Amino acid sequence: MNRRLAAILAADVVGYSALMNADQDKTLSALRSLRSEAFNPAVSGHRGKIVKSMGDGWLVEFSAAIDAVTCAMQVQDRLEGHEVIQLRIGIHLGDIVHEDEDVFGDGVNVAARLEAIASPGAVTISDAVYGSLDGTLRPSFDDLGTRELKNIARPVQVWGRGADTSVAAEQASSQSRSLQSGFPRLAIQPISTSDAREDVVE
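Residues numbered from 1 in each chain as written. Predicted model: local features only at pLDDT ≥ 70, side-chain atom pairs only at ≥ 80, totals over all residues. Heavy atoms only, no water.

(A) Layout of the overall build of the protein. Of regular secondary structure, the protein possesses six helices and eight strands. Secondary structure elements of the protein, listed N to C terminal, follow the sequence β-α-α-β-β-α-β-β-α-β-α-β-β-α. In the protein, which comprises 202 residues, the share counted as buried stands at 41%. When the accessible surface of the protein is totalled, it reaches about 11800 Å², and 47% of it is carbon and sulfur. (Helix = DSSP H or I, 4+ residues; strand = E, 2+ residues; numbered from the N terminus. Buried < 20%, exposed > 50% of the residue type's maximum accessible area, 1.4 Å probe, protein only. Areas by Shrake-Rupley, 256 points an atom, 1.4 Å probe, with all protein chains shown as cover.)

In structure tokens form, the structure reads like this:
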């Protein structure tokens with residue numbers, strides 16, 4: 001069993017089934033163009049390897065997190081304003097295992113969950129990935145707070161770049177506060193009162 005640390009990029013086409021139902025030929029043509037003109041060149045240009053293709057989604061392995069992030073940003077920038085295709089992309093740095101021409105492990109599971117919570121056109125990354133970035137890329141990402149991801153044991157600190165990250169950040173901040181101590185909090189605010197009694201003068 002081949003276990004190693006890798007950056008995994010998970011990408012998925014937004015609303016693929018609806019697109020196919022609306023216009024199958026147009027959707028398939030747009031996907032072919034995406035693969036040949038944007039996705040595959042970006043992956044190879046940043047030393048990535050497509051380890052799984054699912055028609056409307058991909059898992060890509062990178063040896064360095066910064067390559068995975070730069071690739072994702074390039075793809076999303078190329079797709080900005082596209083009339084048919086939008087992608088969600090999630091990236092995590094973790095252990096993976098190759099077995100029977102498939103890939104498993106923490107790196108894959110968390111990346112897939114990060115992709116699922118990304119806004120269309122956005123890139124979401126884990127704190128492990130964010131910590132591997134240099135000072136030129138870090139400002140591109142907003143702090144989306146600590147998130148509970150489906151079937152992931154521990155909460156994950158999430159960072160995002162792209163559409164609706166400000167909204168997502170506010171939602172994440174609210175969720176993060178709910179994860180804190182369950183003790184009740186006391187809020188003290190000033191109030192004003194009026195006394196209906198008139199002053200008595202002797």
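(B) Representation of helix 2 (residues 24-45) in the model. An ideal rise of 1.5 Å per residue puts 32 Å on 22 residues; helix 2 measures up with 30 Å between its terminal C-alpha atoms. Among the residues making up helix 2, those that are buried are Thr27, Ala30, Leu31, Leu34, Ala38, Phe39, Ala42 and Val43. The secondary structure elements touched by the buried residues of helix 2 are strand 1 (2-13), helix 1 (16-22), strand 2 (49-53), strand 3 (57-62), helix 3 (65-79) and strand 4 (87-99). In the stretch just after helix 2, Arg47 is the one whose phi turns positive, near 60°. (Expected span 1.5 Å × (residues − 1). Contact = heavy atoms within 4.5 Å.)

(C) Examining the side chain of Glu115 more closely. Within the secondary structure, Glu115 sits in helix 4 (residues 106-117). Despite its burial, Glu115 pairs with no opposite charge; the closest candidate is Arg88, at 5.1 Å N-O. (Lys, Arg positive; Asp, Glu negative; His and termini not counted. Salt bridge = Lys/Arg side-chain N within 4 Å of Asp/Glu carboxyl O.)

(D) Highlighting the pattern of salt bridges. Inspection of every chain in the model, using the stated rule, returns three salt bridges. Its salt-bridge partner being Glu61, residue Arg4 comes within 2.8 Å of it at the nearest N-O pair. Residue Arg4 is located in strand 1, and its partner Glu61 is located in strand 3; the two are separated by 57 residues in the primary sequence.

(E) Seen up close, the nonpolar core. Phe39, Leu87, Ile91 and Ile125 are the most contacted members of the largest nonpolar core, which totals 38 residues. Counting only elements with at least two residues in this core, the list comes to strand 1, helix 1, helix 2, strand 3, helix 3, strand 4, strand 6 (123-126) and helix 5 (127-130). With eight residues, helix 3 is the largest single contributor of residues to this core. If sequence neighbours within four positions are ignored, Ile125 has contacts with Val69, Ile91, Leu114, Tyr130, Leu133, Phe141, Gln157, Val158 and Trp159. Within the second largest apolar cluster, nine residues are counted, among which are Ala6, Leu59, Val103 and Val108. (Core = buried A, V, L, I, M, F, W, Y, C linked by side-chain atoms within 4.5 Å.)

(F) Main features of unusual backbone geometry. A positive phi angle, close to 60°, is found at Arg47, a residue other than glycine. Relative to the elements of secondary structure, Arg47 occurs in the loop between helix 2 and strand 2. By relative accessible area, Arg47 is classed as exposed at 59%. You will see that Asn151, though not glycine, has its phi angle at about 65°, which is positive. Within the fold, Asn151 resides in the loop between strand 7 (142-147) and strand 8 (156-161). Overall, Asn151 belongs to the exposed group, its relative accessible area being 66%.

(G) How the structure looks around helix 3. Under the 1.5 Å per step criterion, the end-to-end length of helix 3 is 21 Å for 15 residues, consistent within 8% with the ideal 21 Å. Burial in helix 3 covers these residues: Ala65, Asp67, Ala68, Val69, Cys71, Ala72, Met73, Val75, Gln76 and Leu79. Of the residues one or two after helix 3, Gly81 is the one with positive phi, at around 80°.

(H) Local environment of the packing of helix 2 against helix 3. In the contact formed by helix 2 and helix 3, the axes pass within 8 Å of each other and the chain directions differ by 160°. Overall, the two elements helix 2 and helix 3 adopt an arrangement that is roughly antiparallel. Two packed elements cross with a definite hand, and for helix 2 against helix 3 that hand is right-handed. Contact residues: Leu34, Glu37, Ala38, Phe39, Ala42 and Val43 in helix 2; Cys71, Gln74, Val75, Arg78 and Leu79 in helix 3. Among the residues forming the contact of helix 2 with helix 3, the class breakdown is eight nonpolar, one polar and two charged. (Axes fitted to C-alpha atoms, helices over the stretch in contact; angles between N-to-C directions. Parallel < 35°, antiparallel > 145°, perpendicular 65-115°, else oblique. Left-handed = near helix turned anticlockwise from the far one by under 90°. Nonpolar A, V, L, I, M, F, W, Y, C, P; charged D, E, K, R; others polar.)

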